[in-house]
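# A closer look at the structure
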Amino acid sequence: MSVIETAKAIAREAGAMIKSHMGTGFITETKSSSFDVVTEIDKASEQLIRQRLAEVYPDHAFLGEEESFAHSGELQERLELAKSEPFVWIVDPIDGTNNYVQGIPGFTVSIALACHGELIAGVIYDPCRDDIFWAEKGKGAFQNGEPIHVSPADSLGQSVVSTGFPSNTKMRQAVIDSLEGIAPQCRSIRSLGSAALHLAYVASGRLGAFWEYGLNAWDIAAGVLIIEEAGGKVSDTLGSPYSLTVKHVIGSNGRIHNTLLETLKPIGI
Ligand code: IPD
Ligand code: CA
Ligand code: CA
Ligand code: CA
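Residues numbered from 1 in each chain as written. Chains lettered and ligands numbered in written order. Predicted model: local features only at pLDDT ≥ 70, side-chain atom pairs only at ≥ 80, totals over all residues.

## Digging into the sheet that holds strand 9 (residues 146-147)
Overall, mixed pairing links the seven strands, which are arranged 3-4-5-6-7-8-9 in an open sheet. The strands lining the two open edges of the sheet, one partner per strand, are strand 3 (61-64) and strand 9. In terms of strand pairing, strand 6 (residues 118-126) meets strand 7 (residues 131-136) through six bridges, oriented antiparallel. Bridged to Ala-121 within strand 7 is Glu-136. Helix-sheet contacts for helix 1 (residues 3-20) involve strand 4 (88-95), strand 5 (108-115), strand 6 and strand 7, and the interaxial angle to strand 6 is about 30°. Contacting strand 3, strand 4, strand 5, strand 6, strand 7 and strand 8 (141-143), helix 7 (residues 217-229) runs over the sheet at an angle of about 100° to strand 6. (Pairing = 2+ DSSP bridges. Helix = DSSP H or I, 4+ residues; strand = E, 2+ residues; numbered from the N terminus. Contact = placed C-beta atoms within 7 Å. Axes fitted to C-alpha atoms, helices over the stretch in contact; angles between N-to-C directions.)

## Quick word on the sheet that holds strand 11 (residues 188-190)
Taken together, the five strands give an open sheet; going across it, the order is 11-10-12-14-13, and neighbouring strands pair in mixed fashion. Strands at the two margins of the open sheet, each flanked by one partner only, are strand 11 and strand 13 (233-236). Neighbour to neighbour, the strand axes of the sheet diverge by 20° on average, direction disregarded. The pairing of strand 13 with strand 14 (residues 249-252) spans four bridges and is classified as antiparallel. In the sheet register, Asp-236 faces strand 14, and the bridge partner there is Val-249. Contacts from helix 8 (residues 257-264) reach strand 12 (209-212), strand 13 and strand 14, with the element oriented near 155° to strand 14.

## Remarks on the domain arrangement of the protein chain
We note that the domain assignment places domain 1 (3-147) and domain 2 (156-267) within the protein chain. The distance between the C-alpha centroids of domain 1 and domain 2 comes to 19 Å. Facing 40 residues of domain 1, the contacting portion of domain 2 comprises 24 residues. Listed by contribution, the elements that provide at least two residues to the side of domain 1 that touches domain 2 are strand 3, helix 3 (74-82), strand 4, helix 4 (97-102), strand 5, strand 6, strand 7 and strand 8. For the side of domain 1 that touches domain 2, the residue count by class is 18 nonpolar, 14 polar and eight charged. (Domains from an automatic or database assignment. Nonpolar A, V, L, I, M, F, W, Y, C, P; charged D, E, K, R; others polar.)

Structural data, given as structure tokens:
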């Protein structure tokens, strides 16, 4: 099986497992703050994905959100190291845990593969809608087997733009501050609760753009490649190119990228 077919099959298996446990009274813990929740199913999903990948690719490195170092000072160092790994899988086992815990449809499994820091494959699976988005470097982006392209909108006024509310209070305040500049100019604003889902929707043209502060590689890596392969653009919020260490991100259809960048710049994160 090809790399992308393997990643898709694993994302579907993990997604089905997550969905089958919805509302079954799993244990919820908090991590960095009371807003940062995790369930047994986040951990079980990561374990499943890690195990399946190791069966097929025993030599590949793995970076998942639920690893012990992922919320420590070691993370930046590990991400720098990941940039030189021949192959590293970057995994968010449930993106949108707050939706999952509340029983709100709109959580995803996000799996990306980077080769020496360059993204070469990405899959985002939404098990509630059975929607799967994927891309391979140079081969285009797809949703459920059909090619996808970013929206043709050339202004914020023609675009539905999305953001998220990070658990980190400083980052959340930055999002709130930036909304004041952006919200009056867009057709509308959405916050669906999964950064990966937002990025997939930018790639498929459902959304014109997405921005958020304080994300991590597992939230965005798959979505970055899917947007780029769908003809869009991703950068940090100062306009620098995406890399695995980027935390403040804008993904767009490309045409409205600079307008969004200009509007965000005064936040200065
Ligand atoms: C979160 C989601 C959410 C975003 C947060 C992320 P998690 O990831 O992507 O949409 O606003 O910043 O941390 O914790 O559910 O994997
Ligand atoms: Ca989390
Ligand atoms: Ca996440
Ligand atoms: Ca997660």
